[in-house]
Amino acid sequence: MKKATFNRLIDELKGKAKQHGGYVLHEEINGLLDDEFDIGELDRIYDRLSELQIDYFDTEDTARNKMELRERKRQKKLRAEKKAARNHIKYDDPVRMYLREMGKVPLLDRAGEVRLAKRMEEGNLRVIRAILQSQNTLTELRGLGERLGREMVVVDEVIQSDASTWSVNATPKKESQRVARACDRIQKWGEEIAAYRKELAGPPAPSEARAKTLEKMISGREEKALAEFCDLRLTQQQIESMSNALRVVLQKMEDTQRQITQCEDFLGLSYTELNRTLKELGRQKTVKVKGKGEFSRSELLDFQKKIRSLRGRIRTMEDEIGLSEERLTQLVAEIESGEQQFQRAVKDMIEANVRLVISIAKRYTNRGLEFLDLIQEGNIGLMRAVE
């Protein structure tokens, strides 16, 4: 086929495709060819149509269905691109990016602030109630008061203060004396609580009326101790330090208990079974343990001595803090739960008030500080105010 004839044929097909909306039919292509065409010419025509992005179909119905499906896919893709363009706005300016993110945080009304403040207080009180169950907390508090009296720490690191409560009379010595008096009162109530609990546990078991009275007296003393501790207005860092001290003790107990378990697993005997085995050993020099092999008397005695020492170490720690390992585990879990509640409420309070910081910062632009610096200083003040 000559080039001129080929170009004329392609032009005619382009016209038909324009009429149809971007496609031609096979019968239309065949109608433009004479009887003497060869397969190579037909392939050449189809290649050219593909280059021109003109589709070809067998029937009109097939063409219409295919084109409608293609159009729907195209429209769907366009909608997705438009939606992505709306949602994905690139901010090269960090200030605009920060403002946009903070604008997503809902505003907080007065009722919301009160609700968050109560959550913070409840979380903090849960922590304080838990740490007051241990004698270790009173020891830590007395040591803190002594360091304050010797001016080894500054008042602001121990006692919370703000513009409404600060006093020139709040000297380290006076604050130390105040902490010492609080410790004396808390210790007195703790001793009374211990006596009431001992009477409640019996023997002899108290009457039902006496038991109710004892429970009421215990609850009253605990509330007094809690109020006395809260009146000290210790900083959050000091409360965290006291709770961390209990975590450290629990970790030491768990490590020691792990060593005992390792010894028992090695022997294949619990401590009770080990004692019974040694008692029943008689004149035998060795004993076989199922699945573990044979142990000599001296080996068993060494393990008995080691386990006894480890158990004694746990009892010593329990005596120092006035709590069993089981009870300490419960209290540490309560401390962590209270801290999480407190931190979540603090985070929500800060985020909800950041928009207020931004609006105030806008009033002080062009006065010597960059806008981001103003926001940063405002956020620092906000965090201190929330605490």
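For clarity, every value in this text was computed on a predicted model and none was experimentally measured.

Asker: Help me understand the packing of aromatic side chains in this model?
Answerer: One pair of aromatic rings is described through two measures. These are the centre distance and the angle between the planes. Counted by the stated rule, this structure contains 2 aromatic pairs. A centroid spacing of 6.0 Å and a plane angle of 65° characterise the contact between F266 and F295, whose relative ring orientation is edge-to-face. Placement of F266 in helix α11 (residues 236-267) and of F295 in strand β4 (residues 293-296) is noted, with a sequence separation of 29 residues between them. When its relative accessible area of 7% is taken as the criterion, F295 is described as buried. What links up through ring pairs into an aromatic cluster is the set F266, F295 and F303.

Asker: What exactly am I supposed to notice about the environment of V154 here?
Answerer: Following the sequence through the fold, V154 ends up in the loop between α7 (135-149) and α8 (155-158). For the pair formed by V154 and E27, sequence separation is 127 residues and the distance between their alpha carbons is 97 Å.

Asker: Is there a simple way to think about helix α10 (residues 208-231) in this case?
Answerer: Given 3.6 residues per turn, any residue in an α-helix points the same way as the ones three and four places further on. End to end, α10 covers 35 Å across 24 residues, agreeing with the expected 34 Å (1.5 Å per residue, within 8%). All of the buried residues in α10 are A211, L214, I218, R221, A225, L226, E228 and F229. The elements touched by buried residues of α10 are α6 (110-131), α7, α9 (172-201) and α11. Of the residues flanking the end of α10, it is R233, one or two places downstream, whose phi is positive at about 55°.

Asker: Explain the nonpolar core here, please?
Answerer: For soluble globular proteins, nonpolar side chains are generally found buried alongside one another. By size, the foremost hydrophobic cluster in this structure holds 51 residues, and its most contacted members are I131, L141, F229, L234, L274 and L328. Broken down by element, this core gets its largest block of residues, 9 residues, from α11. Excluding its chain neighbours within four sequence positions, the residues that come into contact with L234 are L141, L144, V158, I159, Q160, F229, I239 and M242. If you look at the next biggest cluster of nonpolar residues, it comprises 17 residues, including M102, L116, V346 and M349.

Asker: Which parts of the structure should I look at to understand the pattern of salt bridges?
Answerer: Pairs may arise between side chains of opposite charge once their charged atoms sit close together. Taken as a whole and assessed by the stated rule, the structure comprises 20 salt bridges. Taking the shortest distance from any N to any O, the salt bridge between E71 and R74 comes out at 2.8 Å. Of the two residues, E71 and R74 are both situated in helix α4 (residues 60-87); the distance of 3 residues between them amounts to about one turn of the helix. Taking relative accessible area as the criterion, E71 reaches 35% and is therefore assigned partly exposed. Via salt bridges that share partners, K188, E192 and R221 belong to a single interconnected network.

Asker: I would appreciate a short explanation of the environment of K290 in the present structure.
Answerer: Residue placement: K290 occurs in the loop between β3 (286-289) and β4. When its relative accessible area of 85% is taken as the criterion, K290 is described as exposed. Taking the C-alpha atoms as reference points, K290 and L125, separated by 165 residues in sequence, lie 52 Å from one another.

Asker: Before we go on, may I ask you to explain the packing of α11 against helix α14 (residues 325-362) in this structure?
Answerer: Two packed helices can be described by the angle between their axes and the distance between those axes. The N-to-C vectors of α11 and α14 enclose an angle of 140°; their axes lie 10 Å apart at closest approach. Regarding α11 and α14, the two cross each other, and that crossing is left-handed. Mapping the contact onto sequence places Q236, E240, S243, L246, R247, V249, L250, M253, E254 and Q257 in α11 and E325, L328, T329, V332, I335, E336, E339, F342 and Q343 in α14. The class makeup of the residues in the contact of α11 with α14 is 8 nonpolar, 5 polar and 6 charged.

Asker: I'm lost on the environment of M349 in this one. Help?
Answerer: As for its position among the elements, M349 is in helix α14. Every residue in contact with M349, bar those within four places of it in the chain, is listed here: L108, E113, L116, A117, M120 and V386.

Asker: Help me understand the pairing of β4, please; the structure alone is not making it clear to me.
Answerer: The side chains of a regular strand alternate between the sheet's two faces. Where β3 and β4 come together, 4 bridges link them in antiparallel fashion. When the sheet's bridge partners are listed, V287 is paired in β4 with F295. Taken together, β3 and the strand that follows it, β4, pair antiparallel across an intervening segment of 3 residues, in which G291 is found at a positive phi of about 80°.

Asker: For this particular structure, what's the right way to read the confidence of the model for the protein chain?
Answerer: Detail in the predicted coordinates should be disregarded across regions flagged by low pLDDT. In this model, the protein chain carries a mean pLDDT of 86, and residues with pLDDT of at least 70 account for 92%. Segment residues 88-92: pLDDT under 50, and 3 contacts once partners within four positions in sequence are set aside and those in other chains are kept.

Asker: I tried to follow the packing of helix α12 (residues 271-280) against helix α13 (residues 297-321) on my own but got confused; where do I start?
Answerer: One way to put it is that α12 packs onto α13 with a least axis distance of 10 Å and a crossing angle of 140°. By the angle between their directions, the pair α12 and α13 is classed as oblique. In this structure, the crossing between α12 and α13 has a hand that is left-handed. Side by side, α12 and α13 meet where Y271, L274, N275, T277 and L278 of the first sit next to R297, L300, L301, F303, Q304, I307, R308 and R311 of the second.

Asker: I would appreciate a short explanation of a nonpolar patch on the surface in the present structure.
Answerer: On the surface, a nonpolar cluster with roughly 280 Å² of combined accessible area is contributed by L356, I360 and Y364. Along the chain, L356 turns up in helix α14. On the basis of relative accessibility, which here comes to 48%, the residue L356 falls in the partly exposed class.

Asker: Help me out: how do you make sense of the side chain of R221 in this one?
Answerer: One can find R221 in helix α10. By relative accessible area, which is 18% here, R221 ends up buried. What R221 contacts, discounting residues up to four positions off in sequence, is W189, E192, I193 and Y196.

Asker: Whenever I open this one, the state of the cysteines confuses me. Can you help?
Answerer: Here a disulfide denotes one covalent bond, and it connects the sulfur atoms of two cysteines. On inspection of all chains with the given rule, the structure shows 0 disulfides. The thiol of C230 is not disulfide-bonded; the next cysteine sulfur, from C183, is found 14 Å away.

Reading the values: rules and limits
Residues numbered from 1 in each chain as written. Predicted model: local features only at pLDDT ≥ 70, side-chain atom pairs only at ≥ 80, totals over all residues. Heavy atoms only, no water. Phe/Tyr/Trp six-rings, centres within 6.5 Å; stacked < 30°, edge-to-face > 60°. Helix = DSSP H or I, 4+ residues; strand = E, 2+ residues; numbered from the N terminus. Buried < 20%, exposed > 50% of the residue type's maximum accessible area, 1.4 Å probe, protein only. Expected span 1.5 Å × (residues − 1). Contact = heavy atoms within 4.5 Å. Core = buried A, V, L, I, M, F, W, Y, C linked by side-chain atoms within 4.5 Å. Salt bridge = Lys/Arg side-chain N within 4 Å of Asp/Glu carboxyl O. Axes fitted to C-alpha atoms, helices over the stretch in contact; angles between N-to-C directions. Left-handed = near helix turned anticlockwise from the far one by under 90°. Nonpolar A, V, L, I, M, F, W, Y, C, P; charged D, E, K, R; others polar. Pairing = 2+ DSSP bridges. pLDDT = per-residue confidence, 0-100. Parallel < 35°, antiparallel > 145°, perpendicular 65-115°, else oblique. Patch = residues over 30% accessible without salt bridge, like charges linked within 9 Å, V, L, I, M, F, W, Y side chains within 5 Å. Areas by Shrake-Rupley, 256 points an atom, 1.4 Å probe, with all protein chains shown as cover. Disulfide = S-S within 2.5 Å.

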